[in-house]
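Residue-level listing of the chains:
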Amino acid sequence: MLMFYGGTFDPVHNGHLAIARCAAQELQVPVRLMPVADPPHRAVPGADARQRARMLALATADEPDFIVDLRELQRAERRPGVPSWTMDTLRDIRAEFGMSRPVALLMGADSLLGLTTWHEWEHLLDLAHIVVAERPGSALDGTLPPLLAAHLREAWAPSISALSTAAGRVWRLRQPLQAESATAVRDLVASGGQWQSLVPATVADYIQAQGLYGCHASS
């Protein structure tokens, strides 16, 4: 299986890495962390694409189960101004690896709950599985939005073995999302709060050296 964990990673933090470690262990596959170049669903990142990619490289340097995948950044360089749609990325992946190999997207519960706002969202399961990290008390344990619930009704995987097919299933990763968020890290950096423990030490050093998110060397 090929597993991709896309996101802005602005910055990558310990919560991101905990989810990726859990997925790699539970499914026994490497996780490809894939920074987006032009996120269609959020504001302009606080760090540019290459800075975010560098922070990912630093955070994963000693993690043998992680691979930094720069395909979205490279595509943006070839096609400047074109949004970084997940469906385009999946088509690129399928063009490279074929249609028969299992492919999965790792995402948090909040991303799954917002799936119906994604470009061509209804075709995503034609090209990939979804592995979703739960958030305690999320709607995964209650009532999903009706349109999403109907779309996923037959997709929930009863076991990991169901992911041996190429695409089409949703697996609940029993790893609750942690409290860290990139927004909280950025806010703490900007306000001079205690943020360093929320990210890997190498990433904290880079943020300080680059003066990202309003950080000063004396922080």
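Within every chain, residues take consecutive numbers counted from 1 along the sequence as written. Only residues with pLDDT of 70 or above have their local features reported here, since the model is predicted, and side-chain atom pairs are shown and tallied only from 80 upward, although totals for entire chains, interfaces and linings are computed over all residues. To obtain the side-chain values, all non-hydrogen atoms of the structure were used and water was disregarded.

Participant: Can you break down the sheet that holds strand β5 (residues 129-133) residue by residue, with the values?
Facilitator: A pair of strands counts as paired when DSSP detects no fewer than two bridges linking them. Under the scheme used here, helices are H or I runs from DSSP no shorter than 4 residues and strands are E runs no shorter than 2 residues, and both carry numbers assigned from the N terminus. Strand order in the open sheet formed by six strands is β3-β2-β1-β4-β5-β6, and the pairing between neighbours is parallel. Bordering the open sheet on either side are β3 (66-68) and β6 (170-173), each of which pairs with just one other strand. Across the sheet, the axes of successive neighbouring strands diverge by a mean angle of 30°, strand direction being ignored. In terms of strand pairing, strand β2 (residues 31-35) meets β3 through three bridges, oriented parallel. Its bridge partner being in β3, L33 is matched across the sheet by V68. In what follows, a contact means two residues having at least one pair of non-hydrogen atoms within 4.5 Å. Between N-to-C directions, angles span 0 to 180 degrees; the directions come from axes that are lines fitted to C-alpha atoms, helices contributing only their stretch in contact. Along the sheet, helix α1 (residues 14-27) makes contact with β1 (2-7), β2, β3, β4 (103-108), β5 and β6, crossing β6 at roughly 115°.

Participant: Please give an account of the confidence of the model for the chain that cites residues and values.
Facilitator: Summing up the model confidence of the chain, the mean pLDDT is 90 and the portion of residues at 70 or higher is 89%. Each residue carries a pLDDT score, the predictor's confidence in it, ranging from 0 to 100. Within the chain, no element has a lower average pLDDT than helix α5 (residues 109-113), which sits at 88, and none a higher one than helix α6 (residues 124-127), at 98.

Participant: I'd like to hear about the pairing of β6, residue by residue, with values.
Facilitator: Buried residues are those whose accessible area, probed at 1.4 Å on protein chains only, stays under 20% of the maximum for their type, while exposed residues exceed 50% and partly exposed ones sit between those limits. Alternating residues of β6 divide into V170 and R172 and W171 and L173, and every residue in both groups is buried. Inspection of the sheet shows β5 paired to β6 by four bridges, in the parallel sense. Opposite V132, over in β6, you have R172 as the bridge partner.

Participant: So what's going on with the nonpolar core? Which residues, and what values?
Facilitator: In globular proteins that are soluble, nonpolar side chains generally tend to be buried together. Membership of the largest hydrophobic core comes to 40 residues, with the highest contact counts inside it found for M3, V31, M55, L106, V131, L173 and I207. By residue number, the principal contributor to this core is α1, which donates seven residues. Filtering out sequence-adjacent residues up to four positions away, L106 remains in contact with M3, F4, Y5, G6, I19, A20, A23, V31, V131 and L173. The next biggest cluster of nonpolar side chains, apart from the first, holds 26 residues, and it includes L2, F4, L90 and L125. Working definition of a nonpolar core: buried Ala, Val, Leu, Ile, Met, Phe, Trp, Tyr and Cys residues. They are joined through side-chain atoms within 4.5 Å.

Participant: Describe helix α9 (residues 201-210), naming the residues involved and giving the relevant values.
Facilitator: Listing the buried residues of α9 in full gives V203, A204, Y206 and I207. Along the axis of α9, the buried residues cluster in a sector spanning 160°; they form a single face. Turned more than 90 degrees off the buried face of α9, the exposed positions are A201, D205 and A209. The secondary structure elements touched by the buried residues of α9 are α2 (49-60) and α8 (182-191). This arc is built from the directions going out from the helix axis to the C-beta atoms.

Participant: Help me get a handle on the side chain of H129, residues and values and all.
Facilitator: For H129, the position within the fold is in strand β5. Given the relative accessible area of 0%, H129 is considered buried. Polar contact is the term for a pair of N or O atoms within 3.5 Å; when the atoms are in protein, one must be able to donate a hydrogen and the other to accept it, and sequence-neighboring residues count only if both atoms are side-chain atoms. For H129, the side chain forms a polar contact with the main-chain nitrogen of A167, separated by 3.5 Å. If near-sequence neighbours (up to four positions away) are discounted, H129 is found in contact with M1, V103, A104, L105, A162, L163, T165, A166, A167, G168 and R169.

Participant: If you had to explain the packing of helix α3 (residues 71-78) against helix α4 (residues 86-97) to someone new, which residues and values would you point to?
Facilitator: Relative to each other, α3 and α4 sit at 105°, their axes nearing to 11 Å. Classed by the angle they form, the pair α3 and α4 counts as roughly perpendicular. Residue-level contacts link R71, E72 and R75 of α3 to D88, T89, D92, I93, E96 and F97 of α4. An angle below 35 degrees is read as roughly parallel, one above 145 as roughly antiparallel, one from 65 to 115 as roughly perpendicular, and any other as oblique.

Participant: I'd love a proper account of unusual backbone geometry, names of residues and values included.
Facilitator: The residue after D10, namely P11, is reached through a cis peptide bond having omega 5°. Structurally, the position occupied by P11 is in the loop between β1 and α1. Positive phi, normally seen in glycine, also occurs at F9, with a value near 50°. Note on placement: F9 falls in the loop between β1 and α1. Judged by its relative accessible area of 3%, F9 is buried.

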